[in-house]
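A look at the structure
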Amino acid sequence: LRTIGVITKLDLMDEGTDARDVLENKLLPLRRGYVGVVNRSQKDIDGKKDIKAAMLAERKFFLSHPAYRHIADRMGTPHLQKVLNQQLTNHIRDTLPNFRNKLQGQLLSIEHEVEAYKNFKPEDPTRKTKALLQMVQQFAVDFEKRIEGSGDQVDTLELSGGAKINRIFHERFPFEIVKMEFNEKELRREISYAIKNIHGIRQVIHIFFGHLTGLFTPDMAFEAIVKKQIVKLKGPSLKSVDLVIQELINTVKKCTKKLANFPRLCEETERIVANHIREREGKTKDQVLLLIDIQVSYINTNHEDFIGFANAQQRSSQVHKKTTIGNQVIRKGWLTISNIGIMKGGSKGYWFVLTAESLSWYKDDETGELAMNLGPGKGGGLGWRVHIWDDVTLGRFGYALCRWRDR
């Protein structure tokens, strides 16, 4: 917007060439255009050619050149001088009112300050008290501005104050949660043990790669596993509190730098505020632990975000309306059946194939010798139906086998 192009050495261009398109602002347009000039050469300087003679020669060059004579009034050093002076004048005229208002405001502020010192008495105790209160109030204002992010001094080297606390909440805390060690194999084993222990001596069907046992997932097993996972949130939560406390203390230290001329006041202010923050730290951690304990004590399975059996059935029916999956294979793997009969005892491993309509298991995965098939009955007889749902508690599909009769 403020660029003025200046083209020099026009008199040294080869014969038959010119800079007309550039000077007419056609080749590389600038808002304020171009000005061509012809300066003294080194030969002219050595020959003691004065400025006046050089300007006359420059004027003669533009008037006599066939490519520049039509724009000669806008070429030359005098015209460039005129354009630059005009730009400077316009800039001064535009900025002078604001500059004047700023100076007047500073003058009034200084006059008020001088007026306050007219009756100044160094030994007046009220004056000392007022000065102390003003410094403490300024400290409080600076601290608040650093937390809110509206301070007059902006740190361009690193995050600090409220910005860093915001980062702890929205970046560091989620990172700590993601960083928590999660062993899927161990979790599956815990789920299996929890369900088996709750079922006790009753029949249990355990499917490796599947994980669901029995007809339904017991509530006690669900709560035991979920509570154990919720408790793991305590570590990242308390660590986030520690990080916020440390940043608050760092902010206090930065704000007390303005009190450096009063070492004792600076030290006491920092000590008192830091102690207060430490006191609140304990209460904050207690509150965080209380909130987690509240979540552990009551698991709201009626919440809209919880995918229970009813919601899973509804979603499954919606998906079924959109696409018919047929009798496709859903999962294959090894299946261990235990506690089928007290007299038989022990457990056996089978190769199972779970489809949308049936559950079959074989003696091994190679011969294909069928051991048992649980599927729809024929001719109106009793059969088995396989119910499948997505159990968010265990993180995998669940299977339930129910007897039913064709009609």
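Criteria and cut-off values
- Residues numbered from 1 in each chain as written.
- Predicted model: local features only at pLDDT ≥ 70, side-chain atom pairs only at ≥ 80, totals over all residues.
- Heavy atoms only, no water.
- Salt bridge = Lys/Arg side-chain N within 4 Å of Asp/Glu carboxyl O.
- Helix = DSSP H or I, 4+ residues; strand = E, 2+ residues; numbered from the N terminus.
- Buried < 20%, exposed > 50% of the residue type's maximum accessible area, 1.4 Å probe, protein only.
- Expected span 1.5 Å × (residues − 1).
- Contact = heavy atoms within 4.5 Å.
- Patch = residues over 30% accessible without salt bridge, like charges linked within 9 Å, V, L, I, M, F, W, Y side chains within 5 Å.
- Areas by Shrake-Rupley, 256 points an atom, 1.4 Å probe, with all protein chains shown as cover.
- pLDDT = per-residue confidence, 0-100.
- Polar contact = N/O pair within 3.5 Å; in protein donor to acceptor, adjacent residues only side chain to side chain.

Applying the stated criterion across every chain, the model contains twelve salt bridges. Measuring nitrogen to oxygen at the nearest pair gives 3.3 Å for the salt bridge that ties Lys 285 to Glu 281. Linking Lys 285 with Glu 281, this pair stays in helix α10 (residues 263-297), spanning four residues, or about one helical turn. Relative accessible area serves as the criterion here: at 12%, Glu 281 is assigned to the buried category. Each of Asp 242, Arg 278, Glu 281 and Lys 285 takes part in salt bridges that share partners, so that together they form one network.

For the rest of this paragraph, the subject is α10. With 35 residues, α10 extends 51 Å between its outermost C-alpha atoms, agreeing within 8% with the 51 Å of an ideal straight helix rising 1.5 Å per residue. Where α10 is buried, its residues meet α5 (125-148), α8 (219-231) and α9 (234-255).

Attention shifts here to a nonpolar patch on the surface. Residues Leu 88, Ile 92, Leu 96, Phe 99 and Leu 103 make up a contiguous nonpolar surface patch of about 460 Å² in total accessible area. Here Phe 99 shows up in helix α4 (residues 77-116).

In this section: the confidence of the model for the protein chain. Looking at the protein chain, pLDDT values average 77 and 71% of them are 70 or higher. Predicted confidence is poor over residues 204-213, with pLDDT under 50, and the contacts of this stretch with residues over four places away or in other chains come to 44 contacts. Counting interchain partners and residues more than four positions distant, the pLDDT-below-50 stretch residues 377-407 has 95 contacts.

Before going further, it helps to spend a moment on the side chain of Asp 142. Relative to the helices and strands, Asp 142 is located in helix α5. The exposure class assigned to Asp 142 is buried, which follows from its relative accessible area of 9%. Within polar-contact distance, the side chain of Asp 142 engages the side chain of Lys 258 at 3.2 Å. With residues near it in sequence (within four places) discarded, Asp 142 still touches Cys 255 and Lys 258.

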